[in-house]
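# Descriptive structure summary
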Amino acid sequence: MKINLKINGISKILEVEPGEFLLDVLRRNNYLSVRRGCDNSSCGVCTVLFDNKPVPSCSLLAVKANNHEITTVEGIQEEANKLAKCFGEYGADQCGFCNPSMALTVYALKQENKNATDEEIKEYLVGNLCRCTGYVSQHKAIKKYLGEKNESS
Amino acid sequence: MEVNKFVEAKSISEAYDLIKADRLNKVIGGGAWLKISMKKAKTLISLDNLGLDYIKEELDYIEVGAQTSLRKLETNKSIKSLSSGILSKAINHIMGITIRNIATIGGSIMGKFAFSDLYPVLLVMNVKLTFFKLGEISFEEYIDIPRVNDDILVNIKFKKNDSLGYFKKVSKTALDFAMINMAITTTNNNFKIAIGSKPSIAQLSKSTMKFLNSQDKLDDEKIEKACDLAVEESNINSNVRASKEYREVLIKTYLKRGIKQVIK
Amino acid sequence: MKVVNKKVGSVDGVGIMKGRKAFTDDYADKDSLIIKVKRSPHAFARIKNIDDSKAKALDGIEMVLTYKDFKRISFTRAGQGYPEPSPHDKFVLDKYVRYIGDEVCAVVGSTEEICLKALSLIEVDYEVLEPVLDFEKAIDNKTIIHDEPEAKEMFDIGFKPKKNIAASYHMHIGDVEKTLSECEYTIKETFYTQAQSHVMLEPHAVNTHIDYQERLVIYSSTQTPFHIRRIIAQALEIPMSKIRVIKPRVGGGFGGKQAIHGEMLAAYVTYKTGKPAKLVYTRKEVFESSYSRHPMKFEMALGADKFGKLKVIDCKVLSDTGAYGEHALTVFMVAGSKVLPLYNKVDSVRFSGDVVYTNHTPAGAFRGYGAIQGNFALESAVDILCHKMDMDPIKFRNLNMMKEGETSPIFAIMGEGTEGTPMNMDTCKLQECVEDGKALIDWDNKYPYKDMGDKIKTVGMAIAMQGSGIPLIDMGSATIKLNDDGFYNLMVGATEIGQGSDTVLSQIAAEELNTTIDKVIIYSSDTDLTPFDVGAYASSTTFVSGNAVYKAAKALKTEMLNEAARIFKVDIKQVEFDGEIFKVKNSDKKMTLRDFSNEITYSEEQKQLQVTSSYVGPKSPPPFMAGFIEIDIDKETAEIDIIDYVSVVDCGTTINPMLAKGQVDGAIVQGLGMAMFEDVKLAKNGKLISSDMLNYKIPTRLDINKLTTKFVDSYEKSGPFGAKSVGEIGIDTPPAALANAIENALGVRMTSLPITPEKILQKLKENEK
């Protein structure tokens, strides 16, 4: 069946199977920054924004995206660039497999709650696992990124 | 996942007719657990376009459409004002935020997952469910009936109250399923207590409630007795997450702390 | 120093964050044949028959592969140098399946859906055999797991397959029994560690195609591209010259990607069909069918004199390598060789035991590589001894631990599968590590515990060491070339797997060439284009590959000076180079690097300046650390809040202090996972229950409060700019530090991992009886 959706602001018509999940459809269509980590929404690596809210694309039926907007990290390049700089400053980037999904989730947090407390940041991101960094440097980098937004807005 | 067809229902009755037509036609809520819970379906029926995504405040209750996401519920001010905000608190403990953005309250209720962090809270909050055919039943009644596969949950009504609430989930890491979860509310010293993930599905601790509600004044000794009663009546068992013995310790400890917190 | 030991951001962080095509599966051909593996439902069985007729008849199925398609060539997937210290006991596909999840056969088709359908249509007739599921009953069991004649050891590793022994080892110094009998204080205890899973976020992935020179190109998410090339060539009898292995960005390895996983099948399919193919493991396959950490049992005995001087360590180990012997001997030996020298003043020491086959998921390389297991046993035993002697554990360590300038006879005796290499500890700042850590955790105010009402606050500590590559075995090399316009290419075989080696190696080159990091363009791990390197394991990259880069940069600089001298028509001694400008001493002759490089590229006596250097370490200087944990324990439920973890590390110079901190922080949290959360659950039939991320729980950001990581001043002369390694050392201390903290608070000794609140309460209850 066909679905109409916007991906990173561009209207698309995609052919999908009724039982297919969004992650598979996105990767098949060359949105390769969306990645598979665990198969059951436990790791956060497949996160995309669905009408600006972070969702696990591995567990979301592709047909559910019909008439909705999907954002991958390709849609927020400038923000990803800013976050990457903050990650660099605190040595928070290691393997980076999860980083595009992290950028999307952090960006969504910024939209929702730019004055998030330490605890709120952790709670918002708890589903985005990282096996490399031990989280602490990431946390500092994310705080810095959220703070930067405050100054400019 | 093997699925022949996906249908966006245009009315609740259309969805209802479809599930009645074939046992392999399935209604999906948010679809968050489809990936692990469903291998095969003839027709998947979506309720997304039926206007069931809302939170409406009425005079003495809050009505929530079945397709409302857990995240929306979690962050809603009216919901946060009920029973010390224990529903928001319980939802906050469910997986990560991405799942809560797609999982719906309706799907969570219909799933009847024994580990659900919502069930103990819904049991102590005076909640009514409205089904398309079955009509309105209390959540307490719903827990006791078998899984409803052939009806459609339309909305959930939370009676407004000024009760105090307590919710506790104990899990290995912040993202794990519960070893136990429990909720307590008290309105004018009238206790409601529910314990879940024992690992069997949540239940009201009725003997414990009866005991507590018949006391004039609660002291440490009586609270201890209540905790023992709760363990006794809770049908606690072992599974991979925790042993029966450890669950008993957790229930006693947190019930005691919970009761003390809500009577403060 | 300008670049080394400075806050330098990673060379690839921005592109990775922005989602650029980077990881193995991003490079898979869109038309790749999909490979799916049918996996054994039995812990041990002989395949009597595979009926694949229905699967083959499916539209879109290209082929079904069974053991009949492969010549019986035994090999090891371990991914080590040649000859491997692991037994050759594996076939691409075999007629025996030896654990639940082992490969039965593979289907190859146009889509995943078709392959899954085909898998369900294959009927396999098994003769189910009695499995060995208790590793303590493996030796001389009536079930023999590797009875096939082709299974062999490459050199003596104590391989006795008829007894289910994959490897065994014994060493002793002095007379252990006699010393024990003379000691004022002795203790004995038995410890168990579990089969931790790596849980790198990128699952194992490979894709293959044939290029226009008719060669086999393998993109693999691997830590060892050169070993992969060799092992595939041997096992599939493909000329090595026909194989190119490219390692793109790797999404975490931790040792899990040292071995070969799907590469063999994908290579075979493409080599046979000429068509591109790919195999990406599901998360369940990563858990169930790759490999885990070796579970071990330690029987420890220690003895000390009346002054608290440690006199003797006795360590008997049993290790479970599962169905295949990958890294069996070497992980086992590291449990001694990178642990026992911590206490180098003993009169007697013994280390012995066996590595046994069982019908479990195989075990293999994993950060820490035996040292974390051994550290848990030894550092727990040391604290038990301290409690018996009523001695502060820090005082005990100060009295007994390794000091700078000292050595241990163990270095000469125990290597990795072979004899070791004697060495002195030219750098060992353990004392400073312990001292600083003690202050940072506020030991004196918190030891042994503080009553906080509902909770008890307590602290615990442990010390650790690791290595820096395998001396005289691990080789790394680097090529640097100067380009016109004055920038450099650095080509290394060293394998960036997310640990930051591309950045660290670029920094080393930039420092020596007196330039900035943006002028050094690094390319790593492509068997056609980069020089040889053993790969990312054994904490070797910064030290071994880093030394190779340093040597290459130094040599290139000399060549550049030579050329400049020719151009200036002066003696080389007259030429100075500051990274940007060549100058003739005491004259105003000068030339920019840009002009210089353009001149030698385009103008006169043109040539390409390029140097390749290699490095093999004559020794493996150990990094050291002290780890301190602060926890609050709930008095009633024994739930644990981790308040802080203080790590004070001596890894020599930190080439990149931020990335070094990242290595330690990440390893500490992975170690805490092993210590507290990562429970491996098996069903009675040997099936792994904790085989997905809903059931195997790694630490989340809500479980970690604070990490205090510090590096002490240290300069290791043999390392590049004074560096030692830092990749593994961080993982070793958390299990023992946690167990020690719990005894300090509650008086119970936890002897098996993970340490859960439930187990603590059980132990408290047992102690009451």
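Residues numbered from 1 in each chain as written. Chains lettered and ligands numbered in written order. Predicted model: local features only at pLDDT ≥ 70, side-chain atom pairs only at ≥ 80, totals over all residues. Heavy atoms only, no water.

A word on the overall build of chain B. Scanning chain B for helices and strands turns up 12 helices and 12 strands. When its C-alpha atoms are laid out on the principal axes, chain B stretches across 60 × 45 × 30 Å. The buried share of chain B, reckoned over its 264 residues, is 58%. For chain B, the proportion of contacts with a sequence separation of at least 24, taken over those separated by at least 6, is 60%. Summed over its atoms, the accessible surface of chain B is roughly 11100 Å², and 47% of this surface lies on carbon and sulfur atoms. (Helix = DSSP H or I, 4+ residues; strand = E, 2+ residues; numbered from the N terminus. Buried < 20%, exposed > 50% of the residue type's maximum accessible area, 1.4 Å probe, protein only. Contact = heavy atoms within 4.5 Å. Areas by Shrake-Rupley, 256 points an atom, 1.4 Å probe, with all protein chains shown as cover.)

On domain assignment, one finds that chain B holds domain 1 (2–46), domain 2 (55–159) and domain 3 (164–263). Inter-centroid distance (C-alpha atoms) of domain 1 of chain B to domain 3 of chain B is 36 Å. (Domains from an automatic or database assignment.)

This part is about the pairing of strand 18 (residues 475–482) of chain C. Strand residues, when the strand is regular, have side chains that alternate between the two faces of the sheet. Residues and elements named next belong to chain C. Most of strand 18 sits out of view: six of its eight residues are buried. Relative to strand 24 (residues 610–616), strand 18 runs antiparallel, the two being bridged by seven bridges. By the bridge assignment, M475 is partnered in strand 24 with V616. Pairing of strand 18 with strand 19 (residues 488–492), which is carried by five bridges, proceeds in the antiparallel orientation. Each bridged residue has a counterpart across the sheet, and for A478 the counterpart in strand 19 is V492. (Pairing = 2+ DSSP bridges.)

A few words now on the packing of aromatic side chains. Given two aromatic rings, one states the distance between the centres and the angle between the planes to describe the pair. Residues and elements named next belong to chain B. Counted according to the given criterion, the structure contains 25 aromatic pairs over all chains. Consider the rings of F115 and F177, whose centres lie 4.1 Å apart with planes at 25 degrees: the pair is stacked. Residue F115 is found in the loop between helix 7 (105–111) and helix 8 (118–124), and its partner F177 is found in the loop between strand 9 (164–171) and strand 10 (178–187); the two are separated by 62 residues along the sequence. The class for F115 is partly exposed, based on a relative accessible area of 26%. F177 gets classed as buried once you look at its relative accessible area, which sits at 14%. (Phe/Tyr/Trp six-rings, centres within 6.5 Å; stacked < 30°, edge-to-face > 60°.)

Residue and element names in this part refer to chain C. Pairing is mixed in the open sheet, where five strands are placed in the order 16-17-25-26-27. Only two strands of the sheet have a single partner each, and these edge strands are strand 16 (449–451) and strand 27 (707–711). On average, each strand axis in the sheet is inclined to that of its neighbour by 10 degrees, with strand direction left out of account. With three bridges joining them, strand 16 and strand 17 (residues 455–465) adopt antiparallel strand pairing. Note that in strand 17 the partner of K450 across the bridge is K457. Strands in contact with helix 17 (residues 657–677) are strand 25 (624–634), strand 26 (640–650) and strand 27; relative to strand 27, the strand with the most contacts, it is inclined by about 135 degrees. (Axes fitted to C-alpha atoms, helices over the stretch in contact; angles between N-to-C directions.)

Residue and element names in this part refer to chain A. Split into domains, chain A comes out as domain 1 (2–74) and domain 2 (77–152). Counting from both sides, the interface comprises 16 residues of domain 1 and, opposite them, 16 residues of domain 2. Summed over both sides, the interface between domain 1 and domain 2 buries roughly 1300 Å², with carbon and sulfur atoms accounting for 65% of that surface. Applying the counting criterion to the domain 1 and domain 2 interface returns zero salt bridges. (Buried area = accessible area lost by both parts, 1.4 Å probe. Salt bridge = Lys/Arg side-chain N within 4 Å of Asp/Glu carboxyl O.)

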